[in-house]
Amino acid sequence: MYVSSNRLCDPKNEGKHCGYPGRQRKRIIVRPVQAVILCILCVPCGLCLLLAAQDWAPRNFSRIDWQPTRAVEGASYVGTNTCAKCHSEQARSQPLSPMGLALQRGKDTQVLRSHPRLTFRAGPFAYTIECDGDRVIYQVSDGQHTISEPVLAAFGLGDAGQTYLLQHEGFYYESRVSFFNDVRSLDFTLGHPRKIPESLEDAVGNKVSRGKAVLCFACHSTASVKGTTLQLDRMIPGITCEGCHGPGGKHVTAMESGVHKEPSIFNPGKLQAGDLVEFCGSCHRGSFQVELTGMSGIETVRFQPHRLTGSRCFRPQDPRIGCLACHNPHQSRSRDAAFYDAKCLACHPAVSTEPTSGQSVSACPVGKKLCTDCHMPKFVLPGGHLEFTDHRIRIARTKAFPD
Ligand code: HEC
Ligand code: HEC
Ligand code: HEC
Ligand code: HEC
Ligand code: HEC
Ligand code: HEC
Ligand code: HEC
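Residues numbered from 1 in each chain as written. Chains lettered and ligands numbered in written order. Predicted model: local features only at pLDDT ≥ 70, side-chain atom pairs only at ≥ 80, totals over all residues.

Asker: So what's going on with the overall build of the protein? Residues and values would help.
Answerer: A tally of regular secondary structure across the protein gives 15 helices and 18 strands. In the protein, buried positions account for 39% of the 403 residues. Pairs at least 24 residues apart make up 58% of the contacts formed inside the protein by residues separated by at least 6 positions. (Helix = DSSP H or I, 4+ residues; strand = E, 2+ residues; numbered from the N terminus. Buried ≥ 20, exposed ≤ 12 C-beta atoms within 10 Å, placed from the backbone. Contact = placed C-beta atoms within 7 Å.)

Given below as structure tokens:
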């Protein structure tokens, strides 16, 4: 159904066609025709998606043998435990961060460890999600008949809702109910219709095409998608080290040998702010993805790269406004508004003064601290349980959401 602008190369050909992006940077202009649109309604993430647009790396680097959302034939993934041997600092916090836990399987799911049996009733339908040995079973019953299927994977940690993906009679389904942290129980999945389903099958959830299921895994796990096919046997749940740094086999061999000219691993920290926003945008979604899918309005508040680049503060060359200025990708985010003040004050003077070097922009006539409370307002999606932070930094004179 889709064609990607992929220029994946054969890793055995390293040196000829392949290499790590950090070494071989070259911007390629993507022609929209290369990108065949896969427009689907992705409910929990509220988007239409363009698979080709996920392929950040080929658009930016001429030689690349992996994607944040895609593995490649023969790539050697070694797993976080191997990275942890030499990089204990990152490995201590990253696997426990929301990105590290973006997808979990079976009974290891944290939500189910603390809530081993979840129940919910909606009209005539009763839902149960519970552990059965190593598996998690999703069950819906109308009192006479019951559908009961193992959960393939749990998506998310429950701030915006933990949603379950399952298979029933050959079709993928996204669960009609999700777990929400704020109420510590099940409720309707964001974006699912609230009207009473006509059949028990419909009550299971929304049917998800195979292509769309592939995309769920691509953005929520590592090495699970090759080309356009799922390889669940190879999947490493969550965004792991190698999700952002690429397969680490070569790097580990080089580092262990002790003789190496270069690290042989991609470090996104070497990208310019603008390129980094696109890199993170391969999952978080930049303006390229949003424009091609034609989405607008409040739904786009979830797409931080898209919103940030639309703000007057943004400069593609300035690291003080890239994602890394405010977020450490190896840790959970700070939820304390005071933490971000210094980030704003890196460019804006606290009081109106003659501009000093590096601080040549305007000062606030109103506030001196907790800048984000006023200039990065939060929005709740309809039916949602979670506030998203509008990354379009601005003077918010009204409660409206500017496109
Ligand atoms: C045997 C020890 C060892 C293991 C295992 C290891 N690394 Fe490294 N790593 C190093 C050393 C040493 C450096 C510094 C290399 C240099 O600067 O030349 C490094 C550097 C890096 C860098 C920075 C590269 C740059 O260009 O700045 C990244 C990113 C990285 N490692 C990620 C990983 C990941 C991800 C894994 C697991 C797949 C991993 N490492 C496994 C030893 C290791
Ligand atoms: C392979 C896909 C992928 C890539 C690449 C990616 N992210 Fe994420 N990120 C996710 C997913 C999925 C979540 C949601 C996790 C959840 O809540 O279950 C997330 C969550 C986050 C959060 C919220 C974490 C929290 O503590 O609440 C931040 C901040 C974030 N990402 C920043 C980044 C930055 C910065 C980059 C680029 C360096 C990046 N991400 C790259 C998939 C990705
Ligand atoms: C293009 C990448 C992408 C695709 C495709 C994608 N997601 Fe996500 N998903 C994200 C990111 C990034 C976040 C974190 C920001 C947010 O909540 O929107 C997220 C958040 C979520 C959350 C909320 C997590 C929480 O902690 O509350 C759930 C649930 C979820 N996704 C499920 C799915 C399912 C199911 C699919 C497939 C139908 C899917 N996603 C497809 C990137 C993606
Ligand atoms: C969401 C994407 C993402 C994930 C997942 C991720 N990293 Fe990183 N990593 C980055 C970015 C961006 C940088 C550059 C900024 C920085 O140094 O923090 C980086 C930098 C590094 C560096 C170089 C640090 C330095 O001082 O130059 C090492 C080593 C590293 N990461 C190891 C790891 C390991 C080990 C894991 C898994 C436990 C991991 N990373 C997971 C995005 C990620
Ligand atoms: C100038 C600072 C700043 C920059 C730059 C920034 N963020 Fe954020 N981000 C924040 C703040 C503030 C929050 C909300 C923290 C809180 O209250 O929980 C946030 C929250 C998030 C969340 C959690 C969901 C949400 O919307 O609340 C994600 C995901 C995220 N940021 C991703 C990114 C990505 C990806 C980039 C780069 C495109 C980025 N951020 C750049 C300040 C920033
Ligand atoms: C990389 C430097 C940089 C950073 C970091 C930065 N800004 Fe800005 N900001 C600018 C520039 C440049 C402008 C446009 C010129 C001006 O207004 O001085 C601007 C404009 C603004 C405006 C006016 C917007 C409008 O619509 O008129 C506000 C409000 C603002 N910034 C607040 C913030 C806040 C709050 C933060 C931290 C969350 C922040 N900025 C971080 C550089 C930055
Ligand atoms: C209580 C809410 C509030 C807080 C907190 C706040 N601001 Fe503002 N800020 C405003 C309002 C309202 C305006 C518009 C003032 C006007 O034009 O009348 C503004 C204007 C600005 C402008 C544009 C100034 C210009 O001359 O165009 C910048 C830049 C700015 N703020 C940055 C910041 C920074 C940086 C912080 C934190 C140190 C901060 N603000 C804290 C409410 C706030």
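Continuing now.
Asker: How would you sum up the pairing of strand 9 (residues 171-175)? Please name residues and give values.
Answerer: Counted residue by residue, strand 9 has four buried out of five residues, so it is predominantly covered. Bridging between strand 8 (residues 163-168) and strand 9 involves four bridges; their strand directions are antiparallel. Bridge assignment links leucine 166 to a residue of strand 9, and that residue is tyrosine 173. Linkage of strand 8 to strand 9, two consecutive antiparallel strands, is achieved through a turn of two residues, within which glutamate 169 is found at a positive phi near 45°. (Pairing = 2+ DSSP bridges.)

Asker: Give me the site of ligand 7: which residues, what numbers.
Answerer: Residues in close proximity to ligand 7 total 18 residues, the closest being Cys364, Val366, Gly367, Cys371 and Cys374. Of all the secondary-structure elements, those providing two or more residues to the shell around ligand 7 are helix 14 (337-345) and helix 15 (371-375). Ranked by residue count, the leading element in the shell around ligand 7 is helix 15, at four residues. Looking at the shell around ligand 7 residue by residue, the classes come out as ten nonpolar, four polar and four charged. (Near = placed C-beta within 6 Å. Nonpolar A, V, L, I, M, F, W, Y, C, P; charged D, E, K, R; others polar.)

Asker: Let's hear about the environment of glutamate 242: which residues, and what values?
Answerer: Relative to the assigned elements, glutamate 242 resides in helix 8 (residues 241-245). In sequence terms glutamate 242 and glutamine 67 are 175 residues apart; their C-alpha atoms lie 9.8 Å from each other. Here glutamate 242 is in contact with Tyr77, Thr222, Ala223, Pro247 and Gly248, once residues within four sequence places are set aside.

Asker: Which residues make up the site of ligand 6, and what values go with them?
Answerer: Within the structure, ligand 6 sits among 21 residues, and Cys313, Cys344, Cys347, Val361 and Ser362 are positioned closest to it. Within the residue set of the shell around ligand 6, elements represented by two or more residues are helix 14 and helix 15. Taken together, the residues of the shell around ligand 6 break down into eleven nonpolar, four polar and six charged.

Asker: Pulling in residues and values, what's your account of helix 10 (residues 273-284)?
Answerer: Counting buried positions over the twelve residues of helix 10 gives eleven, a clear majority of the element. For helix 10, the set of buried residues is Ala273, Asp275, Leu276, Val277, Glu278, Phe279, Cys280, Gly281, Ser282, Cys283 and His284. Directly beyond the C-terminal end of helix 10, a positive phi value near 80° is found at arginine 285.

Asker: So what's going on with helix 7 (residues 210-220)? Residues and values would help.
Answerer: Of all the eleven residues making up helix 7, eight are buried; the element is thus mostly covered by neighbouring parts of the structure. Looking only at helix 7, the buried set comprises Lys212, Val214, Leu215, Cys216, Phe217, Ala218, Cys219 and His220.

Asker: Please provide a residue-by-residue account of unusual backbone geometry, values included.
Answerer: Even without a glycine there, the phi angle at arginine 184 is positive, about 55°. By secondary structure assignment, the location of arginine 184 is in the loop between strand 10 (177-180) and strand 11 (185-188). Although it is not a glycine, serine 264 adopts a positive phi angle of roughly 55°. With respect to the secondary-structure elements, serine 264 resides in the loop between helix 9 (249-257) and helix 10.

Asker: Break down the nonpolar core for me, with residues and values.
Answerer: Core analysis: the largest hydrophobic core is formed by 59 residues, its most contacted members being Val151, Ala153, Tyr164, Leu165, Leu166 and Leu276. Here leucine 166 is in contact with Tyr138, Glu149, Pro150, Val151, Leu152, Tyr173 and Ser175, once residues within four sequence places are set aside. (Core = buried A, V, L, I, M, F, W, Y, C linked by C-beta atoms within 7 Å.)

Asker: Let's hear about the environment of phenylalanine 266: which residues, and what values?
Answerer: Tracing the chain through its elements places phenylalanine 266 in the loop between helix 9 and helix 10. A sequence separation of 22 residues divides phenylalanine 266 from cysteine 244, and the C-alpha atoms of the two residues are 8.0 Å apart.

Asker: Please give an account of the confidence of the model for the protein that cites residues and values.
Answerer: This prediction gives the protein a mean pLDDT of 82; 82% of its residues lie at or above 70. pLDDT under 50 marks residues 1-53. Its contacts with residues more than four places away, or in other chains, come to 121 contacts. Low pLDDT (under 50) marks residues 60-64, which in the prediction has 19 contacts with non-local residues, meaning those over four places away or in another chain. (pLDDT = per-residue confidence, 0-100.)

Asker: An account of the pairing of strand 7 (residues 146-155) is requested, with residue identities and associated values reported.
Answerer: Consecutive side chains along a regular strand alternate between the two faces of the sheet. In this sheet, strand 7 lies alongside strand 3 (residues 103-104) in antiparallel orientation, the contact comprising two bridges. Bridge pairing links leucine 103 to phenylalanine 155 in strand 7. Remark: four residues form the turn of the hairpin made by strand 6 (residues 135-141) and strand 7, two consecutive strands paired antiparallel; glycine 143 in that turn has positive phi of roughly 100°. Inspection of the sheet shows strand 7 paired to strand 8 by four bridges, in the antiparallel sense. In the strand pairing of strand 8, valine 151 is matched with leucine 166.

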